[in-house]
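Descriptive analysis of the structure
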Amino acid sequence: MSDAATLGVHTSLTRMMMRRFLEHRLAVVGGVVLVLLCGLCAGAPLLEAALGLDATEVDLFARFEGPSAAHWLGTDELGRDVFLRLLYGGRVSLFVALTAALAAAVIGTAIGILAGYRGGWADALLMRLTDTVIALPLLPLLIVLAKVDLAKLGLPAEAAHGEAAQLWRLIAIIALFGWTTVARLVRGATLSVREREFVRAAEALGARSTRIMLVHILPNVMTPVIVATTLSMGGIVLFESVLSFLGLGVQPPMPSWGNMMTGAHELIWSHAELVLYPGGLIFLTVIAFNFLGDGLQDAFDPRAARR
Amino acid sequence: MTAYVTHRLLQTLVVLLLMSVAVYGLIWLMPGDPIDLMVSANPDLTAADGARLRALYGLDRPFAERYLAWLQAALGGDLGYSRQYARPVLEIVGPRMANTLILVGLSFVASVALAFPLGLIAARRPYSAADNAVNLFCFAGISIPPFWLALLLIMAFSVGLGWLPAGGVPAEGGLGAEAAHLVLPVATLTLGSVAAYARFIRGETIAALRLDFVRTAQAKGATPWRVLTRHALRNALIPVVTVIGLHFGTVFSGALITETMFAYPGMGKLIYDSIMGNDFNLALAGLLLVTLITLLSNLAADLLYVRLDPRVNYEGART
């Protein structure tokens, strides 16, 4: 490691982390891929206008066309432009994943700090809850939750069945089970932070525990939050795609990478490329998030000895 | 030890009981209603008949009362009838369970057999070409969507090469045909597990290789292979065995995707089909059975951990 050579020179902690991160080449590649993907998907409407196409336009006389100047990746079973649908699908998939991960991070951080700082029975209870959630058969439960009819709970039909409601519900379901990694890591970090002098000082000055947790502990456990959230992103993208593929997540006609493959069992016999594109993009996204998370972990964790 | 095991068993029972309440509630919230389905399927039934049927089956009673009645029957071994199959739930679940155990068991053996060599090759020389290759494979295995992997395998070996069947179970042909139908599902299930295990074995072995007693062993002149397998791996085994045990439950419930993709008649596909087909009794029993197996495999992993590591005492492990 080149630390020895630069010891004399002033190096900030951030610079050191930055260098360690950049040393992890695959993580950098993962980050660049994700930025490009997000940019492309975000710019889908602009590209749509530039190409003079309509991503939702059905043309039954132009089904399953090969790639052409007009349709870069050809058309699907309803004659819609595959390239644009992939970008719009990516918008939905990435939006669901990012929002669910953010919600999971908030839940996990709250539980982790509370358990770590309070200790005692609160810690025992919350960690038992975490262990229990980890021990549950996740996939079958997600499927049941996705199928539940909210109208039976007395919600108005449009709030229970609308397109937007379906999307938010998917996010809520994934967040409900996705917070455990963050909670565990944050609890561990909180346990060490709470013994530090500045927390002791704040306690001696009479700060309330809410203030200590929010002002003194939270900023100091952001590192594990960021690492754990990045690491759990891959899993969340996978869950969204599985549920949508099974017809329980994002509902057509709204495209997502998962539901674009719903008819895959027939398509693989004739038009395999329609299955290869969305699945490949999910794979690319998940592996990029996993590399990025691995790199962040290495960069932030001084104990992770490398080379 | 006995006290610890009893404590953990009780805990598992409590979680299972809580889950049964939650799942019972969720099933009740499924779209569709068994009586409505009966009434709409049979033109001779009127709305008044529907109401009478509802009273007959106790569906007009409050939630808590219905749940307790179900629990009482379930504890007596009566899980009700399946709507789709018109047979007692327990009769259907048994063979399905056996099928999933075959699938998951084969994949489990294959994963462990492949993960140890891979993990050790990687750990022997960290950041060498071999390690990088294993690492890349592991990341790919963890990141690939399982249903897409299943589709890729079907595309390559069934559609393209025509070597293996795309799914289902053979009606005839004996053991050979059955084995041919198992190859792709087992492969799909195995790739993800191998990747996860190999990565963990690599990490734990590298960590163990840095410990003092390994240096002592090296100084004594033990061969690198002996140091790796007898000194480093043996110590890495404790967390590895635990994680593999914990993973078993995940694989068991995750087999749902593989089973659905290959039309393999196991528990996962049964649960999925019963949820999609409004077969409430069957879905409820299936979900709780899978929960029980997941919880038990976690319990086994925990107990194994306490048993393997003499430094962990039962009292300490309880908190």
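Predicted model, so just to flag it, every value in this text is computed and none were measured.

Description of the overall build of chain B
What chain B contains, in helices and strands, is 13 helices and zero strands. Start at the N end of chain B and walk to the C end: the helices and strands fall as α-α-α-α-α-α-α-α-α-α-α-α-α. Along the first, second and third principal axes, the C-alpha set of chain B runs to 85 × 55 × 30 Å. Buried residues in chain B amount to 45% of all 319 residues. Total accessible area on chain B stands at roughly 15,400 Å², and carbon and sulfur atoms take up 66% of it.

With respect to the overall build of chain A
The helix and strand tally for chain A stands at 15 helices and zero strands. In chain A, 69% of the contacts between residues at least 6 apart in sequence involve partners at least 24 apart. Carbon and sulfur atoms form 68% of the exposed surface of chain A, whose accessible area is close to 14,500 Å².

Description of the interface of chain A and chain B
Across the contact, 44 residues belong to chain A and 46 residues belong to chain B. Taken over both partners, the interface formed by chain A and chain B buries close to 4,100 Å², and the fraction arising from carbon and sulfur atoms is 78%. Linking chain A to chain B there are one salt bridge. Between D294 of chain A and R199 of chain B there is a salt bridge; the shortest N-O distance is 3.6 Å. There are four residue pairs in polar contact (both at pLDDT 80 or more) connecting chain A and chain B. Elements supplying a minimum of two residues to the side of chain A that touches chain B: α6 (120-135), α7 (138-147), α13 (222-245), α14 (264-270) and α15 (273-300) of chain A. Looking at the side of chain A that touches chain B element by element, the count peaks at eleven residues for α15 of chain A. Of the residues that constitute the side of chain A that touches chain B, the class distribution is 31 nonpolar, six polar and seven charged.

So, the pattern of salt bridges
Residue and element names in this part refer to chain B. In total, this model carries twelve salt bridges over all chains according to the counting rule given. Across the pair R202 and D131 runs a salt bridge whose closest N-O atoms are separated by 2.7 Å. Here R202 is found in helix α8 (residues 174-209), whereas its partner D131 is found in helix α6 (residues 129-143), with 71 residues between them in sequence. Across the pair, exposure class does not vary: R202 and D131 are buried alike.

A short note on the environment of T181 of chain A
Topologically, T181 of chain A is positioned in helix α10 (residues 180-193). For the pair T181 of chain A and A288 of chain A, spaced 107 residues apart in sequence, the C-alpha separation works out to 19 Å.

Examining unusual backbone geometry
Across residues other than glycine, the phi torsion is negative in most instances, and most of the peptide bonds are trans. Residue and element names in this part refer to chain B. Even without being glycine, Y127 reaches a positive phi, approximately 65 degrees. Looking at where Y127 falls in the secondary structure, it is placed in the loop between α5 (89-124) and α6. With relative accessibility at 33%, the residue Y127 sits in the partly exposed group.

Things to note about the packing of helix α4 (residues 44-51) of chain A against helix α5 (residues 82-118) of chain A
Residues and elements named next belong to chain A. Where α4 contacts α5, the two axes come as close as 10 Å, and the packing angle between them is 165 degrees. One way to sum up the angle between α4 and α5 is to call them roughly antiparallel. The interaxial crossing formed by α4 with α5 has left-handed handedness. Contacts between α4 and α5 involve A44, P45, L47 and E48 from the former and F83, L84, L87, Y88 and R91 from the latter. Here the residues of the contact of α4 with α5 are counted per class, giving seven nonpolar, no polar and two charged.

Topic: the packing of aromatic side chains
All names here are of chain B. Evaluated as defined, the whole model comprises ten aromatic pairs over all chains. Plain terms: the ring middles of W28 and F63 are 6.2 Å apart, the flat faces sit at 50 degrees to each other, and that makes the pair tilted. Taken together, the residues W28 in helix α1 (residues 2-28) and F63 in helix α4 (residues 63-75) connect sequence positions 35 residues apart. Overall, the relative accessible area of 40% leaves W28 in the partly exposed class. For R202, the ring lying beneath its charged end belongs to Y127, and the centroid distance is 5.8 Å.

Observations concerning the environment of L34 of chain A
All names here are of chain A. On the secondary structure map, L34 appears in helix α3 (residues 25-42). Spatially, the C-alpha atoms of L34 and A288 are 6.6 Å apart, while their sequence positions differ by 254 residues. Ignoring any residue separated from it by four or fewer positions in sequence, one finds L34 in contact with T285, A288, F289 and L292.

A word on a positive patch on the surface
Residues and elements named next belong to chain B. Together, K220, R226, R230 and R234 make up a region of like positive charge exposed at the surface. Counting residues per element, the positive patch draws most heavily on helix α10 (residues 224-261), which supplies three residues. Topologically, K220 is positioned in helix α9 (residues 212-220).

Thoughts on the nonpolar core
If you look at the biggest cluster of nonpolar residues, it comprises 139 residues, and the most contacted ones within it are I143, V275 and I282 of chain A together with V23, W70, F147 and M261 of chain B. If one sorts the elements of this core by residue count, α5 of chain A sits on top with 14 residues. If you look at the next biggest cluster of nonpolar residues, it comprises 15 residues, including I113, A189, V193 and I212 of chain A.

Brief notes about the confidence of the model for chain A
Residues and elements named next belong to chain A. On average, residues of chain A carry a pLDDT of 82, and 89% of them reach 70 or more. Element-level mean pLDDT values for chain A span from 48 in helix α1 (residues 3-6) up to 90 in α5. Long-range and interchain partners of residues 1-6, a stretch whose pLDDT sits below 50, account for eight contacts in this model, where long-range means more than four residues apart.

Conventions we followed
Residues numbered from 1 in each chain as written. Chains lettered and ligands numbered in written order. Predicted model: local features only at pLDDT ≥ 70, side-chain atom pairs only at ≥ 80, totals over all residues. Heavy atoms only, no water. Helix = DSSP H or I, 4+ residues; strand = E, 2+ residues; numbered from the N terminus. Buried < 20%, exposed > 50% of the residue type's maximum accessible area, 1.4 Å probe, protein only. Areas by Shrake-Rupley, 256 points an atom, 1.4 Å probe, with all protein chains shown as cover. Contact = heavy atoms within 4.5 Å. Buried area = accessible area lost by both parts, 1.4 Å probe. Salt bridge = Lys/Arg side-chain N within 4 Å of Asp/Glu carboxyl O. Polar contact = N/O pair within 3.5 Å; in protein donor to acceptor, adjacent residues only side chain to side chain. Nonpolar A, V, L, I, M, F, W, Y, C, P; charged D, E, K, R; others polar. Axes fitted to C-alpha atoms, helices over the stretch in contact; angles between N-to-C directions. Parallel < 35°, antiparallel > 145°, perpendicular 65-115°, else oblique. Left-handed = near helix turned anticlockwise from the far one by under 90°. Phe/Tyr/Trp six-rings, centres within 6.5 Å; stacked < 30°, edge-to-face > 60°. Lys NZ or Arg CZ within 6 Å of the ring centre and 35° of its normal. Patch = residues over 30% accessible without salt bridge, like charges linked within 9 Å, V, L, I, M, F, W, Y side chains within 5 Å. Lys, Arg positive; Asp, Glu negative; His and termini not counted. Charge placed at Lys NZ, Arg CZ, Asp CG, Glu CD. Core = buried A, V, L, I, M, F, W, Y, C linked by side-chain atoms within 4.5 Å. pLDDT = per-residue confidence, 0-100.

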